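# Reading the structure
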Amino acid sequence: MFRRGLHTLATKEVVELAYSHSGGKSAKSHTLPAIITIHGLLGAKAHFKPLTRMLASDLDTDIYSIDLRNHGDSPMARPYDYITNTKDVINFIRTKIGPERPVQMIGFSLGGKISLISALSDKVNVRSCTSIDIPPYETPELDDILTLNYETILKIINGENGYQIKKGEPNWQGKVMNLLRANKCNTNEGIVRYFAAGFVMNKVNKEKKDEFLDFKQPLNEMPDLLDQVKAWPTKEELEANGFKYQTQTPILFCKATKSPFIKRDYSLLGRQFPNYTVEEFNTSHNIAHEAPEQFYKALLTFIKAHE
């Protein structure tokens, strides 16, 4: 049960997304597809920094990492469904990169679905898309890494017994990390830092009457967030919002074999994205952390094949 008071989020059809930019230092870079990375749920653009640093070293093009609405430095607003998030991304591409220039999308989890839907738009020129362990259909089962950490975060922000950390108390960041480390599903520090970021990167607001920690996202105002994450827009929803149902855009699906998200029936991936390939990784959901070399090799090969 949520104990803290709700402060209604503003409703905005489109928001201007925060972003970081790297690469693109030569004149040639402006003729190559730009690359856009999109983080997962509760993440931020900073989580792609190691990857973008490597891509900037190997590719002579512009690389943009964006914060989705309600994440990182981007505005907080309703709604936060996939169609709305994708419209924010399309607006970003059109205003910051240009509708004609090709873009190559890289999305992890939540960001993967948004990248895929972006490829269904004629308003931007998506050359290729890499979806990291997320499919183009409803995913009713979420893995423990997401659900258990989400539950832990809610307990911390609501100050439940055993999870009470007050704002500004000594070593509060370390205490957050330790509570997340206690989740057996968090098998490495990268996962712990990922879910702790919403606390650690958030400025402590001591003026608020509530004594417990705040999270970057207003989770108590988003009670259906996980249901939104599981969803995938219907054909009618896509077409009503100006999206195609199917595209021949090349898609790389990165499948974690220890994750429930992408089903073994890969033909389901081709219903809307028939020009697809699948790369399997013997990991759980967080592929880039658990198999970094294999992942980067597959990603770079795919990107270069579609420049």
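Residues numbered from 1 in each chain as written. Predicted model: local features only at pLDDT ≥ 70, side-chain atom pairs only at ≥ 80, totals over all residues. Heavy atoms only, no water.

With mixed pairing, the 7 strands of this open sheet are ordered in space as β1-β3-β2-β4-β5-β6-β7. The open sheet has two free edges, formed respectively by β1 (19-23) and β7 (276-281), since each of these has just one partner strand. Pairs of neighbouring strands in the sheet enclose a mean axial angle of 20 degrees, with direction left out of account. Examined bridge by bridge, strand β2 (residues 34-38) and strand β3 (residues 62-66) share 4 bridges and lie parallel to one another. Of the residues in β3, the one forming a bridge with Ile-35 is Ile-63. This element, helix α1 (residues 49-58), spans β1, β2, β3 and β4 (102-108) of the sheet and lies at about 170 degrees to β3. Lying over the sheet, helix α10 (residues 292-305) contacts β2, β4, β5 (125-132), β6 (251-256) and β7, oriented at roughly 165 degrees with respect to β7. (Pairing = 2+ DSSP bridges. Helix = DSSP H or I, 4+ residues; strand = E, 2+ residues; numbered from the N terminus. Axes fitted to C-alpha atoms, helices over the stretch in contact; angles between N-to-C directions. Contact = heavy atoms within 4.5 Å.)

Relative to the 16 Å expected for 12 residues at 1.5 Å per residue, helix α6 (residues 189-200) spans just 14 Å between its end C-alpha atoms, considerably shorter than the ideal helical length. Judged by how many residues are buried, α6 sits mostly within the fold: 9 of 12 residues are covered. For α6, the full list of buried residues reads Gly-190, Ile-191, Val-192, Tyr-194, Phe-195, Ala-196, Ala-197, Gly-198 and Phe-199. As for α6, its buried residues are in contact with β4, α4 (144-157), α5 (172-181) and α9 (287-290). Between a side-chain oxygen at the N-terminus of α6 and the backbone nitrogen of Gly-190 the separation is 3.0 Å; the capping residue is Asn-188. (Expected span 1.5 Å × (residues − 1). Buried < 20%, exposed > 50% of the residue type's maximum accessible area, 1.4 Å probe, protein only. Polar contact = N/O pair within 3.5 Å; in protein donor to acceptor, adjacent residues only side chain to side chain.)

Over its 16 residues, helix α2 (residues 82-97) runs 21 Å from end to end, which matches the ideal 22 Å to within 8%, given 1.5 Å per residue. Taking burial as the measure, the 16 residues of α2 include 12 buried ones, the bulk of the element. Burial in α2 covers these residues: Tyr-82, Ile-83, Thr-84, Asn-85, Thr-86, Asp-88, Val-89, Ile-90, Asn-91, Phe-92, Ile-93 and Ile-97. With a side-chain oxygen positioned 3.1 Å from the backbone nitrogen of Ile-83, the residue opening α2 is Asp-81. One or two residues past the end of α2 sits Gly-98, with phi positive at roughly 115 degrees.

Side-chain direction in a regular strand flips from residue to residue, so the side chains alternate between the two faces of the sheet. β5 sits mainly inside the fold: 6 of its 8 residues count as buried. In the sheet, β4 pairs with β5 via 7 bridges, with the strands oriented parallel. The residue bridging Val-103 from the neighbouring strand is Val-126, located in β5. After leaving β4, the chain enters helix α3 (residues 110-118) and then returns to the sheet as β5, a path that is right-handed. As paired elements, β5 and β6 share 4 bridges and run parallel to each other. In the strand pairing of β6, Cys-129 is matched with Ile-251. (Right-handed = clockwise from strand over helix to strand, strands pointing away.)

Further remarks concern the packing of α1 against α10. At their nearest, the axes of α1 and α10 sit 12 Å apart, and the two run at 45 degrees to each other. With respect to each other, α1 and α10 are oriented oblique. Taken as a pair, α1 and α10 cross one another with a handedness that is right-handed. The residues of α10 that touch α1, namely those facing Leu-51, Met-54, Leu-55 and Asp-58, are Phe-295, Tyr-296, Leu-299, Leu-300, Ile-303 and Lys-304. Classifying every residue of the contact of α1 with α10 by side-chain character gives 8 nonpolar, no polar and 2 charged. (Parallel < 35°, antiparallel > 145°, perpendicular 65-115°, else oblique. Left-handed = near helix turned anticlockwise from the far one by under 90°. Nonpolar A, V, L, I, M, F, W, Y, C, P; charged D, E, K, R; others polar.)

This part is about the confidence of the model for the chain. The share of residues in the chain with pLDDT of 70 or more is 95%, and the mean pLDDT across the chain is 92. Predicted confidence for residues 1-6 stays below pLDDT 50, and this span has 18 contacts to residues more than four positions away or in other chains. (pLDDT = per-residue confidence, 0-100.)

Following the criterion strictly, the structure yields 8 aromatic pairs and no others. Geometrically, the ring pair formed by Tyr-64 and Phe-92 is edge-to-face, given 5.9 Å between the ring centres and 75 degrees between the ring planes. Here Tyr-64 is found in strand β3, whereas its partner Phe-92 is found in helix α2, with 28 residues between them in sequence. Owing to a relative accessible area of 9%, Tyr-64 belongs among the buried residues under this scheme. Over the aromatic face of Tyr-245 sits the side chain of Lys-235, whose NZ or CZ is 5.9 Å from the ring centroid. (Phe/Tyr/Trp six-rings, centres within 6.5 Å; stacked < 30°, edge-to-face > 60°. Lys NZ or Arg CZ within 6 Å of the ring centre and 35° of its normal.)

Mapped onto the secondary structure, Thr-247 falls in the loop between α8 (235-240) and β6. Looking at Thr-247, its side chain comes within polar contact range of the side chain of Thr-249, at 2.9 Å. Leaving out residues up to four positions away in the same chain, Thr-247 has contacts with Ala-119, Leu-120, Gln-272, Phe-273 and Pro-274.

Our focus in this paragraph is the environment of Val-229. Of note, Val-229 is situated in helix α7 (residues 225-230). The class of Val-229 is buried, set by a relative accessible area of 7%. On a C-alpha basis, the gap between Val-229 and Ser-131 in space is 15 Å, while along the polypeptide they are 98 residues apart. When near neighbours in sequence (up to four residues on either side) are disregarded, Val-229 contacts Leu-41, Tyr-82, Leu-110, Lys-113 and Thr-139.

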